[in-house]
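# A look at the structure
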Amino acid sequence: MDMNYYDHGTPAERWERARQFFDAKDYAGAARVLDGLVEEVPEQTGPRLLLARSYYHSAQLRRAEAELRIIVERDPVEQYARLMLGRTLERQGRHEEAEPHMRLASALAGDFGEL
């Protein structure tokens, strides 16, 4: 497949292409499209969050962590990003680091069980 395929089209077309790759479980393909899109629109949370999810599902955990940290730094109450960051850290065996993110994600979701 031509390398330009991943970068071709408007941001909206690339967003749709990335969603199609992600939905087809081609997480590496989705990440290739999203990487350029995130560079182009770094302020948008949606593409960055999908990029982090693509990295997570393709076991690129350090990359997922980096993208998620950017999101939660910008928006500390972004519940799903907090949850994903906690899961990403857990998957790396970093349970102590993950715990505060998991607790905050639960609180933001309205689950005040063990606070």
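Relevant structure appears above.
Fair warning: this is a prediction, and the values are worked out from it, not measured in the lab.

Procedures and definitions
Residues numbered from 1 in each chain as written. Predicted model: local features only at pLDDT ≥ 70, side-chain atom pairs only at ≥ 80, totals over all residues. Heavy atoms only, no water. Helix = DSSP H or I, 4+ residues; strand = E, 2+ residues; numbered from the N terminus. Rg over C-alpha atoms; globule rule 2.2 N^0.38 Å. Buried < 20%, exposed > 50% of the residue type's maximum accessible area, 1.4 Å probe, protein only. Contact = heavy atoms within 4.5 Å. Phe/Tyr/Trp six-rings, centres within 6.5 Å; stacked < 30°, edge-to-face > 60°. Patch = residues over 30% accessible without salt bridge, like charges linked within 9 Å, V, L, I, M, F, W, Y side chains within 5 Å. Areas by Shrake-Rupley, 256 points an atom, 1.4 Å probe, with all protein chains shown as cover. Salt bridge = Lys/Arg side-chain N within 4 Å of Asp/Glu carboxyl O.

Bringing the overall build of the chain into the picture now. Looking only at helices and strands, the chain has seven helices and zero strands in total. Starting at the N terminus and ending at the C terminus, the chain contains elements arranged as α-α-α-α-α-α-α. Whereas a compact globule of 115 residues would reach a radius of gyration of roughly 13 Å, the chain reaches 15 Å, a difference of no more than 12%. If you line up the chain on its principal axes, its C-alpha atoms span 50 × 25 × 20 Å. Classification of the 115 residues of the chain by burial places 39% in the buried group. Pairs at least 24 residues apart make up 41% of the contacts formed inside the chain by residues separated by at least 6 positions.

Scanning the entire structure with this criterion turns up one aromatic pair. Aromatic pair Phe22 and Tyr27: ring centres 5.0 Å apart, planes at 70°, arrangement edge-to-face. Since its relative accessible area comes to 8%, Phe22 is described here as buried. Residue classification places Tyr27 among the buried positions, given a relative accessible area of 16%.

So, about a nonpolar patch on the surface. A contiguous nonpolar surface patch, about 230 Å² in accessible area, is contributed by Val77, Leu104 and Leu108. Note on placement: Leu104 falls in helix H7 (residues 95-108).

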